[in-house]
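Remarks on the overall topology
Residue-level listing of the chains:
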Amino acid sequence: MNLSPYHYCSYELIKEKKCPLLKRKLFTGDFIEGRFCDGNDLKKTISYLAEHTDYNMDLIWAHILRVYRIGDIMKSAKLLEIIDPDGESERHNPGGIRIIDRYGTVIKEKEKDAGRSEEAAYTVFISLEKRADLPFPLFEAEKNCILENLLYDKTYVDKVVELFERKPRLGLVIPPVQTFGKISRSLGKEMPIHHISAFWCRSSLLHDDVWNDLMSDKTEAVMQRMPLLVQRMGYYTEIVVNRNYAAGLLINTWRTAQDIWEFTGDNQGEDGDLDIEEMYDRCCLPKIKDFVKGKSRVYVYGAGHLACRVIRMLEGIRKPDGIVVSDKNGNAESICGYPVWEAARISVAGSSFIVAVGKKNADAVKGRLEAAGAVDCLLFG
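Definitions and limits used
Position labels on residues start from 1 in each chain and follow its written sequence. Side-chain atom pairs in this predicted model are given and counted only at pLDDT of 80 or more, local residue features only at pLDDT of at least 70, and totals for whole chains, interfaces and linings cover all residues. Calculation of side-chain values draws on the structure's entire complement of heavy atoms; hydrogens and water are dropped beforehand. A pair of strands is treated as paired once DSSP finds two or more bridges between them. Segments assigned H or I by DSSP are reported as helices when at least four residues long, segments assigned E as strands when at least two residues long, and all are numbered from the N terminus. Throughout, a residue-residue contact means that at least one pair of heavy atoms, one from each residue, lies within 4.5 Å. All axes here are fitted lines through C-alpha atoms, helices being fitted over the stretch that makes contact, and every angle between N-to-C directions spans 0 to 180 degrees. Aromatic rings from Phe, Tyr and Trp, taking only the six-membered ring of Trp, are treated as a pair when their centres fall within 6.5 Å; an angle between ring planes under 30 degrees marks them as stacked, one over 60 as edge-to-face, and anything in between as tilted. Exposed residues in this analysis have more than 50% of their type's maximum accessible area, buried residues have under 20%, and partly exposed residues fall in between, with area computed by a 1.4 Å probe over protein chains only. Whenever a carboxyl oxygen of Asp or Glu lies within 4 Å of a side-chain nitrogen of Lys or Arg, that contact is scored as a salt bridge.

**A closer look at the sheet that holds strand β12 (residues 376-379)**
The sheet built from six strands is open, its strands ordered β9-β10-β8-β7-β11-β12 with mixed pairing. If you trace the sheet from one side to the other, it starts and ends with β9 (334-335) and β12, each paired once. Bridging between strand β7 (residues 298-301) and strand β8 (residues 323-325) involves two bridges; their strand directions are parallel. Of the residues in β8, the one forming a bridge with tyrosine 301 is valine 324. Taken strand by strand, helix α14 (residues 305-314) contacts β7, β8, β9, β10 (338-342) and β11 (352-355), and its axis lies near 155 degrees from that of β7.

**With respect to the packing of aromatic side chains**
Two numbers describe a pair of aromatic rings. These are the distance of the centres and the angle of the planes. The full count for this structure, using the stated rule, is 13 aromatic pairs. Geometrically, the ring pair formed by tryptophan 61 and tyrosine 236 is tilted, given 4.4 Å between the ring centres and 35 degrees between the ring planes. Here tyrosine 236 lies in strand β6 (residues 236-242) and tryptophan 61 lies in helix α4 (residues 57-67), a separation of 175 residues in the sequence. On the basis of relative accessible area, tryptophan 61 is assigned to the buried category, the value being 7%. Residues tyrosine 122 and phenylalanine 164 carry aromatic rings whose centres are separated by 4.9 Å and whose planes lie at 35 degrees to one another, so their mutual orientation is tilted. Here phenylalanine 164 lies in helix α8 (residues 154-166) and tyrosine 122 lies in strand β3 (residues 122-126), a separation of 42 residues in the sequence.

**Looking at the pairing of strand β4 (residues 170-174)**
Burial analysis of β4 places five of its five residues in the buried class, the great majority of the element. When β4 meets strand β5 (residues 198-202), the two strands line up antiparallel, connected through two bridges. The residue bridging valine 173 from the neighbouring strand is tryptophan 200, located in β5.

**Regarding the pattern of salt bridges**
Within the structure shown, the criterion is met by 17 salt bridges. The closest approach of N and O atoms between arginine 169 and aspartate 58, which form a salt bridge, is 2.5 Å. Here arginine 169 is found in the loop between α8 and β4, whereas its partner aspartate 58 is found in helix α4, with 111 residues between them in sequence. Glutamate 140 is the salt-bridge partner of lysine 143, the closest N and O atoms lying 3.4 Å from each other. Of the two residues, lysine 143 and glutamate 140 are both situated in helix α7 (residues 136-150); the distance of three residues between them amounts to about one turn of the helix. Owing to a relative accessible area of 18%, lysine 143 belongs among the buried residues under this scheme. It is possible to trace a salt-bridge network through shared partners that takes in Glu33, Arg35, Glu277, Asp281, Arg309 and Arg312.

**A few points about the sheet that holds β3**
Taking strand neighbours across the sheet as the criterion, the six strands line up as β1-β6-β4-β5-β3-β2 in an open arrangement whose pairing is mixed. Here the strands that pair on one side only, and so sit at the sheet edges, are β1 (80-83) and β2 (97-101). Adjacent strand axes in the sheet meet at a mean angle of 25 degrees when their direction is disregarded. As paired strands, β4 and β6 are joined by four bridges and run parallel to one another. Of the residues in β6, the one forming a bridge with leucine 170 is tyrosine 236.

Shown next, in the form of structure tokens:
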């Protein structure tokens, strides 16, 4: 398959072959395909570097947090920690933590007071409103997600603090995505991760402006942007999951994936199996059909694997008018039988584009095309 070892085998290259290189683009998640691997290689590599070498990991995080989106970083580096609530922690001082329950719906007053400290190094902020239209069991499930994964008991709290102390660039800790009720999703650059109703944060990052915005915000937009805010200050966000909670989380996720598979994979192939890429493409197909309907000229922007996937889908609807790239140097004359054009040599005005260049460059390409007069652009991938 000619798969790059720098993309799929970094852990083995660094640990066993003593290779001193780690591709930074791995943190975008663009170059790792689920049909070829489980996506855990980067997480294993980072853990190995941190635990078994004297390399200064701060050099990596300082750069990655400056140039890539936090949502992509979290997914590609698998920034999720499973905490075992049993046993003892190495830390035996529960002080230095303040708990703010904005609506008073989750934490009892005595428990809240017990966690407060005037010199709190860490703040737990909860913003779960009990709405009249929310069934009691669903509200309890939302509350349980917060308590189980952020504030299970004193030992568990100490272990969360240990996590912060072990990872100097960790700024925000959040509970896992809800796999019940309304399945939350990320909303791109503005809200890069799933909907959150609570978080742990280093108190030093909650300066007055952020704090005032949090307390006065009625839409929870500030709450959802917290991962972006801490990233701008040089810190990343990590999900924490109570080991006792993990089984339900995984089974619910599996059930959701199974439902999608049954919808997209029915009667496909001899055994009905689809890989992750095929499942994604089948989900995208209706959107692409709707996008190209009635368009006079439709180009695919990009000449890599993503572009080939778009071409395959388009061929069942209408043939693309060509393949467009920023620079033809190093690119073939044709891709999948279609001519490759340089963007500067075609009439962009009045044309529509399906942009298939990966997350890192997609917004920039879209901006250039729209500035040149493109009718509209659809981002794929």
